[in-house]
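Structural overview
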Amino acid sequence: MTNVSRRNFLTAFTSSVLGFGLAKNVKAGFRNKVSTHNGSSPIKVQKYNILGKTGIKVSDVSCGAISFFEPNVLRYAYDLGVNYFDTAEGYMRTKSETFIGEALKDIRKKITITTKHGLSPKVKRDEIIKRVEESLKRLQTDYIDIAMVHGVSDTSLLEDEEIQAAYSQLKKDGKIRFTGFSTHNAKLTLNQVLKNDFAQVVLIIYNHMEGKEIEPLMAPVHNKGIGIVAMKIFAGGRHGNLKSLISQEVSYPQAAISWVLSNPSIHCCIPTMSSYSHVEEYVAASGKSLNRADLNVIAEYQRQSNNQYCRVSCSECLSSCPNNVAINDVLRYKMYFENYRMEKEAMQYYAALPKSKMAINCSNCSGYCESSCRFGLKVKENLIRAHEILRA
Ligand code: SF4
Ligand code: SF4
């Protein structure tokens, strides 16, 4: 393994154990491979897919970098065959891009980098170009393979003249190769993407708890030649707290990865790789078919999480709230805080909401949102807890 000192390994591993909440599961559930960390790992990516008409060959198990502890973990992922790395200007307040640059600059041509920029309708062409150029500096590269607009809920945003002009200029200048967007609203945007040409790649939420509804929309997008990348594949990441998953034959993350990759429309998935253990555990699921043991683990996760997990792509209860609280966003930030252990980022996201959308008045309300949730979540209680932990 390249550049990984024992001290760095211990730091990252300890951080993972102490900080990320997944290690219990890694230790007990990830039984089928031997960890080496010394360059002779038997674990390698087994399958690569062509990312639609981009023609780029990507590892089926790829790497999300929303939160991690040090660049050498990413390098280790590359050593095991991962060649697609997803980041964003906003992840870890730009540090994610910086870490990717540090870890991977000398093998830049062998990997694919996606980064994302959140844009508002009022954004100007020059501002977008400047922000992309700043990403290039942090990534220590002169081109981005796939530049995405972050968090698009309606693709009409992408028809904005300033946005179109900026990305077309960046392509002309060779600073980006392809464009796309990430979305929490695939029910709408996967339909829209069939009618516009901005996106060569889309990044969508797809997991065993909220993937079924969008499945009919995926094949036409795939058939149009658009690359489809799956995120949030661990359905809330609650597995670190579910004891009944520990003694299972496969680990929950491996089962969840196999479930996602069993859909032929998906080109790759991007679990966040925060530790060496994650890298090995997730890469070990590459190329595997979904089997009975995976389905048993998934069924158990669903049994325990069905009325606990606020589906990220759902907004069904929003109209029931007289106070206009951003219920699904607030519960997503709570998930980042508690399950992803991204406390600072979660608090920042919450602080960026307009006050009117925060869960400030939930404790004085009858909880109309609760009867609107067909999954039976204790919405009010969760929102009160969210406000407690997320407020500055
Ligand atoms: S508890 Fe009341 S104020 Fe809070 S989100 Fe639900 S309906 Fe809205
Ligand atoms: S609380 Fe229930 S209805 Fe509301 S967004 Fe979450 S899953 Fe959907």
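For the structure, check the block above.
First things first, this report covers the structure right here in the doc. Counting starts from 1 at the beginning of each chain's written sequence and moves along it residue by residue. Here every chain gets a letter starting at A, and every ligand a number starting at 1, in the order they are written. The predicted origin of the model limits local features to residues at a pLDDT of at least 70 and limits the giving and counting of side-chain atom pairs to 80 or more, whereas totals for whole chains, interfaces and linings rest on all residues.

Moving on to helix α4 (residues 95-104). Burial of α4 is extensive: seven of the ten residues sit out of reach of the surface. For every residue, the other C-beta atoms within 10 Å of its own C-beta are counted; 20 or more classify it as buried, 12 or fewer as exposed, and values in between as partly exposed. C-beta atoms are placed from the backbone. Think of it this way: any DSSP run of H or I at least four residues long counts as a helix, any run of E at least two long counts as a strand, and we number them from the N terminus. Of the positions making up α4, those classed as buried are S96, E97, F99, I100, G101, A103 and L104. Contact definition: two residues whose C-beta atoms, as placed from backbone geometry, lie within 7 Å. Summarising the contacts, the buried residues of α4 are in contact with α3 (71-79), β4 (84-86), β5 (112-117) and α5 (125-139).

All right, on to the site of ligand 2 then. C310, C314, C317, N328 and C373 are the nearest of the 14 residues found near ligand 2. No other element matches helix α12 (residues 327-338), which puts three residues into the shell around ligand 2. Throughout, the ten residues Ala, Val, Leu, Ile, Met, Phe, Trp, Tyr, Cys and Pro are labelled nonpolar, Asp, Glu, Lys and Arg are labelled charged, and all others, Gly among them, are labelled polar. In the shell around ligand 2, the residues fall into nine nonpolar, three polar and two charged. The criterion for a residue being near a molecule or strand is a backbone-placed C-beta atom within 6 Å of that molecule or strand.

Moving on, we come to the site of ligand 1. Neighbouring ligand 1 are 14 residues, the closest being C321, V325, C362, C365 and C369. At the level of secondary structure, the elements contributing two or more residues to the shell around ligand 1 comprise α14 (368-371) and α15 (379-390). The greatest single-element share of the shell around ligand 1, amounting to three residues, is contributed by α15.

With parallel pairing, eight strands are arranged side by side in an open sheet as β3-β4-β5-β6-β7-β8-β9-β10. In this open sheet, the two strands that pair with only one neighbour each are β3 (63-64) and β10 (268-269). Strand pairing is assigned whenever DSSP identifies at least 2 bridges connecting the two strands. With five bridges joining them, strand β6 (residues 144-149) and strand β7 (residues 176-183) adopt parallel strand pairing. Residue pairing across strands places M148 opposite G180, the latter belonging to β7.

The next thing to look at is the nonpolar core. By convention the nonpolar core is taken to be a set of buried residues drawn from Ala, Val, Leu, Ile, Met, Phe, Trp, Tyr and Cys and joined through C-beta atoms within 7 Å. Core analysis: the biggest nonpolar cluster contains 116 residues, and L74, A77, V202, A256, V260 and C269 have the highest contact counts within it. Domain start and end points were adopted from an automatic or database domain assignment. Split by domain, the residues of this core number at least three in each of domain 1 (6-302) and domain 2 (318-390). Leave out the neighbours within four places in its chain, and V202 touches G180, F181, T183, V193, V221, I226 and I228.

Counting buried residues in α3 gives eight out of nine residues, a clear majority hidden from the surface. Along α3, the residues classified as buried are P71, N72, V73, L74, Y76, A77, Y78 and D79. Where α3 ends, the next residue or the one after it, G81, has phi of about 110 degrees, a positive value.

All quantities given are derived from atomic positions and should not be read as evidence of function.
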